[in-house]
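Residue-level structure breakdown
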Amino acid sequence: MWKCCKCHEQNEETFSFCWSCGTSNDGIEDKSFQGVDEIAPSSIKGQPVLVTSIGLAEYPDQQEIELLACVKCGSENIIPNVRIVTHTEEFKKDLQVEIYENPKALIFKGTHTGTLTAYICGQCGYTEMYISNPQYLLNQYRKNKKN
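Per chain, residue numbering runs from 1 following the sequence as it is written. Only residues with pLDDT of 70 or above have their local features reported here, since the model is predicted, and side-chain atom pairs are shown and tallied only from 80 upward, although totals for entire chains, interfaces and linings are computed over all residues. In computing side-chain values, all of the structure's heavy atoms are included and hydrogens and water are not.

**Regarding the overall build of the chain**
Helix and strand definitions here come from DSSP, where helices need a minimum of 4 consecutive H or I residues and strands a minimum of 2 consecutive E residues; each element is numbered from the N-terminal end. Tallying secondary structure elements over the chain gives one helix and ten strands in all. Listing the helices and strands of the chain from first to last along the sequence gives β-β-β-β-β-β-β-β-β-β-α. Exposed residues in this analysis have more than 50% of their type's maximum accessible area, buried residues have under 20%, and partly exposed residues fall in between, with area computed by a 1.4 Å probe over protein chains only. Counting over 147 residues, the chain shows a buried share of 24%. Every residue pair with non-hydrogen atoms within 4.5 Å of one another is taken to be in contact. Of the contacts made within the chain by residues no fewer than 6 positions apart, 35% connect residues no fewer than 24 positions apart. Of the roughly 10400 Å² of accessible surface on the chain, a fraction of 52% belongs to carbon and sulfur atoms. In this description, accessible areas are obtained by the Shrake-Rupley approach with a 1.4 Å probe, and a residue is regarded as covered only by the protein chains that are shown.

**Focus on the packing of aromatic side chains**
Pairing of aromatic rings covers Phe, Tyr and Trp, the last counted by its six-membered ring, and requires centre-to-centre distances within 6.5 Å; plane angles under 30 degrees mean stacked, over 60 mean edge-to-face, and any other angle means tilted. In total, this model carries one aromatic pair according to the counting rule given. Here Y119 and Y130 contribute two aromatic rings whose centre-to-centre distance is 5.5 Å and whose plane-to-plane angle is 90°, an arrangement assigned as edge-to-face. Taken together, the residues span a long stretch of sequence, with Y119 in strand β9 (residues 111-121) and Y130 in strand β10 (residues 127-131) at a distance of eleven residues. Each member of the pair, Y119 as well as Y130, carries the same accessibility label: buried. Only when the NZ atom of a Lys or the CZ atom of an Arg is both within 6 Å of the ring centre and within 35 degrees of the ring normal do we say a charge sits over the ring. Its end group placed over the ring of Y100, K109 keeps NZ or CZ at 5.3 Å from the ring centre.

**Digging into the environment of M1**
Positionally, M1 belongs in the segment before β1 (2-3). The sequence separation of M1 and E12 amounts to eleven residues, and the corresponding C-alpha distance is 4.7 Å. The residues contacting M1, other than those within four sequence positions of it, are Q10, N11, E12, E13, Y141 and K145.

**Notes on the environment of K109**
The topology assignment puts K109 in the loop between β8 (96-100) and β9. The partly exposed category is assigned to K109, whose relative accessible area is 24%. With ten residues separating them along the chain, K109 and I99 place their C-alpha atoms 9.0 Å apart. Residue contacts for K109: discarding those within four places in its chain leaves Y100, E101, N102 and P103.

**Topic: the pairing of β10**
The criterion for strand pairing is that DSSP finds at least two bridges linking the strands in question. Judged from the five bridges that link them, β9 and β10 form a sheet pairing that is antiparallel. In the strand pairing of β10, T117 is matched with Y130. Hairpin geometry of β9 and β10 is characterised by an intervening segment of five residues between the two adjacent antiparallel strands and by a positive phi of about 90° at G125.

**Some details on the UniProt feature "domain: RanBP2-type" (unreviewed entry) in the chain**
The UniProt feature table records "domain: RanBP2-type" (unreviewed entry) at residues 2-21. Secondary structure content for residues 2-21 is 0% helix and 20% strand, and the end C-alpha separation is 14 Å. UniProt positions are given in the numbering used here, feature names are shortened, and annotations may be inferred rather than shown by experiment.

Structure, rendered in structure tokens:
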């Protein structure tokens, strides 16, 4: 990990530039850098992604995502909220990601999970996956990095 000299955010070692402000690991600022909040939806190919909160009790910042059009080809033929499953001999379950509070622990890692869903373009087949609770997982990740 390296800490940005401009905004002081933590960055993965594989990042050449700060994910938050675009400053290089060497301290060189990119004047043309635009953060996620600054990018206009019209600059995205096709239509923008519309994100609305549905306020689920388990994860208060859980998101429901509605794709208006494919970001690759612009088609509006989107198959939304496709369940991604894994099969075992006994049952099938939703595919999930895990973030750990204590990844080095053998047991009691403090696991935080999120469920993946897919959106598939019916025109070109482009598929995007989304996590059910991105803000919650980001908060857990940032909290764990401070410790």
